[in-house]
Amino acid sequence: MLGIFLILEIAARLTLEIRERRLTQMRGGVFALLRLIPLVNDIVPLPEHRKAPAESEFQKKHEEGHAELRHGILRNLAKIALLLLAVWLFAFLLASREMSLVEAVLWLHLAAIPFRTVFHLYCWHQEYEADHYAFEKLGKKVAKAAMRDLATSEIPYTKLFAAIYREHPTVAIRSQKILNKEIKA
Ligand SMILES: [Zn+2]
């Protein structure tokens, strides 16, 4: 059973990776290969930028929005809740189901996949709120210019790929949310 799920995971990630390469016409590099391997893909970093984005007034207000809305604390609380859930599941698998350590770790890895995606979407929601805050303070023109600039510095992952791997929404999604218009590089 565990084996079947792991093979399904690899197949699903491979499909996602091929779809991404097709749609973005960009190479994945060695990280793309590492992302296919269960457990390894839990720690492979995902580069988000081609170059460091320029500091902007919009970004400052965006960060102010995060602070104002207590996003950091909420995000950490969500992390703690998920961690407790993971500890509980791990203990359950080891004690009640009498699994080996390796099996329990692999099941935990699989169970974490949907939770991680939900957590990403929660983080995205916070980003939209911070963007909205900055938009209200600075107006459309500034927001648009900031999004354009961000678009040139980020790696434009697709929405589906970003939902699986990124804690930050892409500029295309953020601009769609605040400007009703998708801005791409
Ligand atoms: Zn943010």
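Rules and cut-offs
Just so you know, the residues in each chain are numbered from 1, in the order the chain's sequence is written. For this predicted model, a pLDDT threshold of at least 70 governs which residues receive local features, and a threshold of 80 or more governs which side-chain atom pairs are given and counted, while totals over whole chains, interfaces and linings are taken from all residues. Values reported for side chains reflect all heavy atoms of the structure, with hydrogen atoms and water molecules removed beforehand. Strands here mean DSSP runs of E at least two residues long; helices mean DSSP runs of H or I at least four residues long; both are numbered from the N terminus. Burial classes: relative accessible area under 20% of the type maximum marks a residue as buried, over 50% as exposed, and values in between as partly exposed (1.4 Å probe, protein chains only). In what follows, residue pairs with any heavy atoms lying within 4.5 Å of each other are defined as contacts. Shrake-Rupley sampling with a 1.4 Å probe provides the accessible areas, and residues are treated as covered by the protein chains on show and by no other component. Here the positive residues are Lys and Arg and the negative ones are Asp and Glu; neither His nor the chain ends is included. In plain terms, the charge of a residue is placed at NZ if it is Lys, CZ if Arg, CG if Asp and CD if Glu. The donor definition counts N, O and S atoms within 2.8 Å of each metal and applies 3.2 Å to Na, K and Ca; water is not among these atoms, so some sites may look incomplete. Should a side-chain nitrogen of Lys or Arg be within 4 Å of a carboxyl oxygen of Asp or Glu, the pair is scored as a salt bridge. The method works on a 1 Å grid over the protein atoms by themselves. A cavity is a set of points holding a 1.4 Å probe that cannot get out, a pocket is an open set with protein on both sides within 12 Å along at least five of seven lines, and residues with an atom within 4 Å of a point line them. Grid points are joined across faces, edges and corners, and a volume is the space filled by probe spheres set on the points. Three residue categories are used. Nonpolar comprises Ala, Val, Leu, Ile, Met, Phe, Trp, Tyr, Cys and Pro, charged comprises Asp, Glu, Lys and Arg, and polar comprises the others, including Gly. Centre distance within 6.5 Å is the pairing criterion for rings of Phe, Tyr and Trp, where only the six-membered ring of Trp is used; planes under 30 degrees apart are then read as stacked, over 60 as edge-to-face, and the remainder as tilted. As a reminder, the over-ring test applies to NZ of lysine and CZ of arginine, requiring each to be within 6 Å of the ring centre and within 35 degrees of the ring normal. The term nonpolar core refers to a set of buried residues drawn from Ala, Val, Leu, Ile, Met, Phe, Trp, Tyr and Cys, joined through side-chain atoms within 4.5 Å.

**Quick word on the overall build of the protein**
Within the protein, the regular secondary structure consists of eight helices and zero strands. Its helices and strands taken in sequence order, the protein reads α-α-α-α-α-α-α-α from the N to the C terminus. Buried positions account for 36% of the 185 residues belonging to the protein. Taking contacts inside the protein between residues at least 6 apart in sequence as the whole, the part at least 24 apart equals 76%. For the protein, the exposed area adds up to about 11200 Å²; of that, 66% sits on carbon and sulfur atoms. Taking the average place of the 26 positive charges on the side chains of the protein and the average place of its 20 negative ones, the gap between the two points comes to 7 Å.

**Quick look at the coordination of the zinc ion**
Listed as protein donors to the zinc ion are His62 (NE2), His66 (NE2) and Glu127 (OE); their distances from the metal cover 1.9 to 2.1 Å. In terms of primary sequence, the donors binding the zinc ion are separated according to H-x3-H-x60-E. Taken together, the residues span a long stretch of sequence, with histidine 62 in helix 3 (residues 57-68) and glutamate 127 in helix 5 (residues 101-138) at a distance of 65 residues.

**Considerations on the pattern of salt bridges**
Enumeration according to the criterion identifies eleven salt bridges in this entry. The partner of glutamate 127 in a salt bridge is arginine 75, and the shortest N-O contact between them spans 3.0 Å. Taken together, the residues span a long stretch of sequence, with glutamate 127 in helix 5 and arginine 75 in helix 4 (residues 71-95) at a distance of 52 residues. The same class applies to glutamate 127 and to arginine 75, which are both buried. Close ionic contact of lysine 184 with glutamate 182 constitutes a salt bridge, the shortest N to O distance being 3.2 Å.

**What about the side chain of arginine 174?**
Summarising the element assignment, arginine 174 is placed in helix 8 (residues 171-179). In contact with arginine 174, not counting residues within four places along its chain, are Phe58, Gln59, His62, Asp131, Met147, Leu150 and Pro169.

**As for the layout of surface pockets**
When its volume is computed, the largest pocket comes out at roughly 830 Å³. As for the largest pocket, its lining consists of 30 residues, and the residues nearest its centre are Asp42, Ala112, Phe115, Arg116 and His120. Elements that contribute at least two residues to the lining of the largest pocket include exactly helix 4, helix 5 and helix 7 (159-165). If one sorts the elements of the lining of the largest pocket by residue count, helix 5 sits on top with ten residues. Along the lines of polarity and charge, the residues of the lining of the largest pocket split into 18 nonpolar, four polar and eight charged.

**So, the packing of aromatic side chains**
For the structure shown, the criterion picks out four aromatic pairs. Note on phenylalanine 5 and tryptophan 107: the rings are 5.6 Å apart at their centroids and 65° apart in plane angle, and the pair reads as edge-to-face. Residue phenylalanine 5 is found in helix 1 (residues 2-24), and its partner tryptophan 107 is found in helix 5; the two are separated by 102 residues along the sequence. In this structure tryptophan 107 comes out as partly exposed when scored by relative accessible area, which is 22%. Stacked on the ring of tyrosine 165, the Lys or Arg arginine 35 has its end atom at 5.4 Å from the ring centre.

**Overview of the nonpolar core**
Most often, soluble globular proteins have nonpolar side chains that are buried together. The biggest cluster of nonpolar side chains holds twelve residues, and these are Phe58, Ala134, Phe135, Ala143, Ala146, Met147, Leu150, Ala151, Val171, Ile178, Leu179 and Ile183. Only helix 5, helix 6 (140-153) and helix 8 provide two or more residues apiece to this core. The greatest single-element share of this core, amounting to five residues, is contributed by helix 6. For isoleucine 183, the contacting residues outside a window of four places in its chain are Lys144, Met147, Arg148, Ala151, Val171, Ala172 and Ser175. In terms of nonpolar packing, the next biggest core, distinct from the first, is built from six residues, Leu16, Ile155, Tyr157 and Tyr165 among them.

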